[in-house]
Amino acid sequence: MSIDLDRGGILNLTREFPGLRYAGIGLGWDLNPDRAEEAFDLDASVFMLGADRQIPNELFFVFYNNLKSPDGAIEHFGDSRTGEGSGDDESIEIDLSRVSPDIEEILFVVTIHDSEVRNQNFGRIQNAFIRIYDISTNIEILRYNLQEQFSQETAIEFGKLYRQSDAWVFQALGCGYSDRLQSFVDRYAS
Ligand SMILES: [Ca+2]
Ligand SMILES: [Ca+2]
């Protein structure tokens, strides 16, 4: 049965699911119905961080223009331009066995494309979630529905995977920022 996490909640994936190798990360969101006519494009991105919380090089920043990490561990599937539908809007696949040993943390961020130009923020988004499923069985392992009310935020860290001894642990984050994607690149590639 899938485990529901609240903000800040953690789950030790390796301990609870020892056989897990291919993890699917599904991220979803919907527009508030009253603004559904508007062009509103959310993008999921992944930062693979070393012990210094920096990406080893720019290729460890996986997003719509760099769909695979250089260690072959992560592949980003699809760029939903609308968020239509209740299932995953964007998804990422991870082969946990192939993550570079230099990588200590895998951070999942969702940003609003052209938020400044379009004057958009997460106040108009509802039903946001991140979930993890086992790709080999298609069974959902955990889900974090972002219950928090966001308003001015234009970027949200949905969650992260991090190493703890020999295990991978997931933490639900739900941390909002008034940032563009470039601000995250600046922060994690300084
Ligand atoms: Ca998108
Ligand atoms: Ca959706």
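Look above for the structure.
Sequence order as written defines residue numbering, which begins from 1 separately in each chain. Here chains are named by letter from A upward and ligands by number from 1 upward, in the order in which they appear as written. The predicted nature of this model means local features are confined to residues of pLDDT at least 70 and side-chain atom pairs, given and counted, to a pLDDT of 80 or more, with totals for whole chains, interfaces and linings taken over all residues. With hydrogens and water stripped out, all remaining heavy atoms of the structure feed into the side-chain values.

Draft legend 1. A look at the packing of aromatic side chains. Here is the rule: rings of Phe, Tyr and Trp (six-membered ring for Trp) pair when centre to centre is within 6.5 Å. Planes less than 30 degrees apart are stacked, more than 60 are edge-to-face, and the remainder are tilted. Applying the stated rule across the entire model yields seven aromatic pairs. Judged by centre distance (5.1 Å) and plane angle (65°), the rings of Phe63 and Tyr64 are edge-to-face. Ring pairs connect the aromatic residues Phe47, Phe61, Phe63, Tyr64, Tyr177, Phe184 and Tyr188, which therefore count as one cluster. If you follow Arg187 out to its NZ or CZ, it ends over the ring of Tyr177, 4.8 Å from the centre. Comment: the charge-over-ring label is applied if NZ (Lys) or CZ (Arg) is within 6 Å of the ring centre and within 35 degrees of the ring normal. Sitting above the plane of the Phe184 ring, Arg187 keeps its charged end 4.7 Å from the centroid.

Draft legend 2. Summary view of the coordination of the calcium ion (ligand 1). Listed donors are limited to N, O and S atoms within 2.8 Å of the metal, widened to 3.2 Å for Na, K and Ca; water is not among them, so incomplete-looking sites are possible. Protein-derived ligands of the calcium ion (ligand 1) are Asp41 (OD), Leu42 (O), Asp43 (OD), Asp79 (OD), Ser80 (O) and Glu90 (OE), with the metal-ligand distances lying across 2.1 to 2.4 Å. Labels for metal geometry use angle windows, namely 85 to 135 degrees for all angles of a four-donor tetrahedral site, and for square planar (four donors) or octahedral (six donors) sites opposite donors over 155 degrees apart plus all others within 65 to 115; sites meeting none of these are irregular. For the calcium ion (ligand 1), the six donor atoms are set out with angles of 76 to 162° between them, so the coordination reads as octahedral. All donors of the calcium ion (ligand 1) come from a single chain, and their spacing in sequence reads D-L-D-x35-D-S-x9-E. Any residue under 20% of the maximum accessible area for its type is buried, any over 50% is exposed, and the rest in between are partly exposed; the area is computed with a 1.4 Å probe on protein chains only. A residue is classified by how much of its surface remains accessible, and Asp41, at 6% relative accessible area, is buried.

Draft legend 3. Looking closely at the sheet that holds strand E4 (residues 42-49). Taken in spatial order, the six strands of this open sheet run E2-E12-E11-E8-E4-E5, and their pairing is antiparallel. Two strands in the sheet have a free side with no partner beyond their single neighbour: strand E2 (10-12) and strand E5 (61-62). When DSSP finds two or more bridges between two strands, those strands count as paired. Note on conventions: DSSP H or I runs of at least 4 residues are helices, E runs of at least 2 residues are strands, and numbering of each starts at the N terminus. Here seven bridges tie strand E8 (residues 105-112) to strand E11 (residues 155-164), and the two strands are oriented antiparallel to one another. Opposite Leu107, over in E11, you have Lys160 as the bridge partner. Note on definitions: a residue-residue contact is assigned when non-hydrogen atoms from the two residues lie within 4.5 Å. Axis angles are defined between N-to-C directions and span 0 to 180 degrees, where every axis is a line fitted to C-alpha atoms and, for a helix, only to the segment in contact. Each of E4, E5, E8, E11 and strand E12 (167-177) is contacted by helix H3 (residues 181-188), which is oriented at about 0° to E4, the strand it contacts most.

Draft legend 4. Focus on the layout of surface pockets. Taken as a whole, the largest pocket holds about 230 Å³ of empty space. A 1.4 Å probe that fits into a set of points on a 1 Å grid over the protein atoms alone but cannot get out defines a cavity; an open set with protein on both sides within 12 Å along at least five of seven lines defines a pocket, and lining residues are those with an atom within 4 Å of a point. Lining of the largest pocket is provided by 15 residues; of these, Ile112, His113, Asp114, Arg180 and Leu181 occupy positions nearest its centre. Within the residue set of the lining of the largest pocket, elements represented by two or more residues are E8, helix H2 (115-118) and H3. In this count, Pro and Cys sit with the nonpolar residues alongside Ala, Val, Leu, Ile, Met, Phe, Trp and Tyr, while Asp, Glu, Lys and Arg are called charged and the others, Gly among them, polar. By residue class, the composition of the lining of the largest pocket is seven nonpolar, four polar and four charged. As for the second largest pocket, its lining consists of 13 residues, and the residues nearest its centre are Ile125, Gln126, Asn127, Leu146 and Glu148. Take the lining of the second largest pocket: its biggest share by element is four residues, from strand E9 (residues 125-134). Residue composition of the lining of the second largest pocket, grouped by class: five nonpolar, seven polar and one charged. Grid points are joined across faces, edges and corners, and a volume is the space filled by probe spheres set on the points.

Geometric values such as these leave the question of function open.
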